[in-house]
Amino acid sequence: VGYPDIVLPDVNSQKVKLSEVDAKVKMVYFWSATNADQKMFNLDFLKSLYEDYHKKGFEIYQVSLDVDKAAWAKVVKEQKLPWINVCDSNGANSQYVYLYNIAALPAAYLISNEELVDGDFVDEKSFRKHLEKLLK
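Residues numbered from 1 in each chain as written. Predicted model: local features only at pLDDT ≥ 70, side-chain atom pairs only at ≥ 80, totals over all residues. Heavy atoms only, no water.

Colleague: Just checking my understanding: could you explain helix α4 (residues 124-134) for this structure?
Modeller: Because an α-helix completes one turn every 3.6 residues, residues spaced three or four positions apart along the sequence face the same direction. For α4, every residue scored as buried is listed here: S126, F127, R128, H130, L131 and L134. Along its buried surface, α4 packs onto β3 (25-31), α1 (36-53), β4 (58-64) and β6 (107-112). (Buried < 20%, exposed > 50% of the residue type's maximum accessible area, 1.4 Å probe, protein only. Helix = DSSP H or I, 4+ residues; strand = E, 2+ residues; numbered from the N terminus. Contact = heavy atoms within 4.5 Å.)

Below, the structure is given as structure tokens:
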């Protein structure tokens, strides 16, 4: 694959491998469940994006970098997040922070045809524009 693979446990402690996610376009989204703005982003943006594009071949692989796995799992369950949620309890020391060159949270990447997609994904409009093009 043309991106760093990720293997982390979900809320049921089942390991989920990014490269095994079957989707035309995958969004890798690094976040922290303890950050109020990032929690609201799930409800205000990601849920509608997921609802609009999931049936067209879009999947979200959301990576929490919270050291408190119980707090993360509580947020995922309370928000009823329907996409893939995994947690790296190493937090800022996660190997994936280095592999994906993450300077700050949140951080998002799109993968299409097993390659990272170049582009600026700075707001809802730019995400939707890229998804429309990639999911044709």
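Colleague: Would you explain the nonpolar core in this entry?
Modeller: A general feature of soluble globular proteins is that nonpolar side chains tend to end up buried together. If you look at the biggest cluster of nonpolar residues, it comprises 26 residues, and the most contacted ones within it are M27, L46, F58, L110 and L131. Sorting the residues of this core by element identifies β3, α1, β4, α2 (69-79) and α4 as the ones contributing at least two each. With five residues, α1 is the single largest residue contributor to this core. Setting aside chain neighbours within four positions, we find M27 in contact with L46, F58, E59, I60, Y61, A108, Y109, L110 and F127. With 21 residues, the next largest nonpolar core counts V21, V28, Y61 and A107 among its residues. (Core = buried A, V, L, I, M, F, W, Y, C linked by side-chain atoms within 4.5 Å.)

Colleague: Whenever I open this one, the sheet that holds strand β5 (residues 84-87) confuses me. Can you help?
Modeller: By way of backbone hydrogen bonds, the strands of a sheet pair with one another, either parallel or antiparallel. Taken in spatial order, the five strands make up an open sheet running β5-β4-β3-β6-β7, and their pairing is mixed. Strands with a single pairing partner mark the edges of an open sheet, and in this sheet they are β5 and β7 (115-116). Of the pairings in the sheet, the one linking β4 to β5 comprises four bridges and is parallel in character. Within β5, the position partnered with Y61 by the bridge is I84. Relative to β5, α2 is tilted by about 170°, and along the sheet it contacts β3, β4 and β5. (Pairing = 2+ DSSP bridges. Axes fitted to C-alpha atoms, helices over the stretch in contact; angles between N-to-C directions.)

Colleague: Which parts of the structure should I look at to understand a positive patch on the surface?
Modeller: A cluster of basic side chains, namely K125, K129, K133 and K136, defines a positive patch on the protein surface. With respect to the helices and strands, the residue K136 is situated in the segment after α4. (Patch = residues over 30% accessible without salt bridge, like charges linked within 9 Å, V, L, I, M, F, W, Y side chains within 5 Å. Areas by Shrake-Rupley, 256 points an atom, 1.4 Å probe, with all protein chains shown as cover. Salt bridge = Lys/Arg side-chain N within 4 Å of Asp/Glu carboxyl O. Lys, Arg positive; Asp, Glu negative; His and termini not counted. Charge placed at Lys NZ, Arg CZ, Asp CG, Glu CD.)

Colleague: Help me out: how do you make sense of the packing of aromatic side chains in this one?
Modeller: Describing an aromatic ring pair means giving the distance of the ring centres and the angle of the ring planes. If you walk through the whole model with that rule in mind, you get seven aromatic pairs. Both rings, one in F30 and one in Y100, keep their centres 5.4 Å apart while their planes meet at 55°; by these two values the pair is tilted. Here the residue F30 occupies a position in strand β3, and Y100 occupies one in the loop between α3 (95-99) and β6, the gap between them amounting to 70 residues. The pair formed by F30 and Y100 is uniform in burial state, with each residue classed as buried. Summarising the aromatic geometry, the rings of F41 and F45 are spaced 4.8 Å apart at their centres and angled 40° between planes, so their arrangement reads as tilted. Of the two residues, F41 and F45 are both situated in helix α1; the distance of four residues between them amounts to about one turn of the helix. (Phe/Tyr/Trp six-rings, centres within 6.5 Å; stacked < 30°, edge-to-face > 60°.)

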